[in-house]
Amino acid sequence: MTEDSLTGTTSGLAPTELRYLVLATQREGHRLFARLLADTGLTPSQSEIVVVLAEFGPLSLRDLGGMIVCEAGSPSRVVDALVQRGLVARKPDPRDRRAVLLDLTARARELVPTLHEVESEMDAATADRLDPEQRVLLAAVLRSFLDGTRDGLALDRRFAAWRSAPPAIS
């Protein structure tokens, strides 16, 4: 047990343990996601961009960057790789001739159902480790931790429509 120098309370955490728990969890998740994506030939970052463009595209590079967490700043390097592979196309924005929009090619759209299956497998792997109450609690803690950060805002934009949708009636 250590005493928190800010609050004077005692916790069951060693100094820096929480930081390393978060880092290790992220790395484990990334490795699992990469393994599940292996047959697609996409990296986790490429997969995130394809899935976001499938749901929200076409988007400008700036708008895409505001909805993803895989790349800090601009996702241009990942987008360039997807363009070279024939999965993303750059096209003129009909509202502004100077602007460029990113959209999926037909080839990428064929991959989207597989990417959704991989995401479902990731969700199932989480479900195997945490019960529903733990998942809700963990998500709330992580949202609080990310509140006001670039990645927290990106996730807010990305999942806003889902959170505001009325619950499905079964």
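Criteria and cut-off values
Residues numbered from 1 in each chain as written. Predicted model: local features only at pLDDT ≥ 70, side-chain atom pairs only at ≥ 80, totals over all residues. Heavy atoms only, no water. Helix = DSSP H or I, 4+ residues; strand = E, 2+ residues; numbered from the N terminus. Expected span 1.5 Å × (residues − 1). Bend = angle between axes of the 7 residues up to and from the residue. Buried < 20%, exposed > 50% of the residue type's maximum accessible area, 1.4 Å probe, protein only. pLDDT = per-residue confidence, 0-100. Salt bridge = Lys/Arg side-chain N within 4 Å of Asp/Glu carboxyl O. Core = buried A, V, L, I, M, F, W, Y, C linked by side-chain atoms within 4.5 Å. Contact = heavy atoms within 4.5 Å.

Topic: helix α5 (residues 106-129)
Taking 1.5 Å of rise per residue, 24 residues should cover 34 Å, and α5 covers 36 Å from first to last C-alpha, within 8% of that figure. Approximately 30° is the largest bend angle found in α5, and it occurs at valine 112, with the proline proline 113 only one to four residues beyond. If you check which residues of α5 are buried, you get Ala108, Leu111, Val112, Leu115, Val118 and Met122.

Observations regarding the confidence of the model for the protein chain
Across the protein chain, pLDDT averages 89, with 89% of residues at or above 70. Within the protein chain, no element has a lower average pLDDT than strand β1 (residues 2-3), which sits at 53, and none a higher one than helix α2 (residues 44-56), at 97.

Examining the pattern of salt bridges
Counted by the stated rule, this structure contains eight salt bridges. Notably, a salt bridge pairs arginine 90 with aspartate 80, separated by 2.3 Å at the nearest N-O pair. Note that arginine 90 is positioned in strand β3 (residues 88-93) and aspartate 80 in helix α4 (residues 76-84), a separation of 10 residues in sequence. A salt bridge links aspartate 93 to arginine 95, with the shortest nitrogen-to-oxygen separation between them at 3.1 Å. Taking relative accessible area as the criterion, aspartate 93 reaches 8% and is therefore assigned buried. A single salt-bridge network, built from bridges that share partners, covers Lys91, Asp103 and Arg109.

Side note on the nonpolar core
Judged by nonpolar contacts, the single largest core of 25 residues is most densely connected at Ile49, Leu53, Leu64 and Leu82. Elements supplying a minimum of two residues to this core: α1 (17-37), α2, α4, β4 (96-104) and α5. In terms of residue count, α5 provides more of this core than any other element does, six residues in total. Leave out the neighbours within four places in its chain, and leucine 82 touches Leu42, Gln46, Ile49, Val50, Leu87 and Val88.

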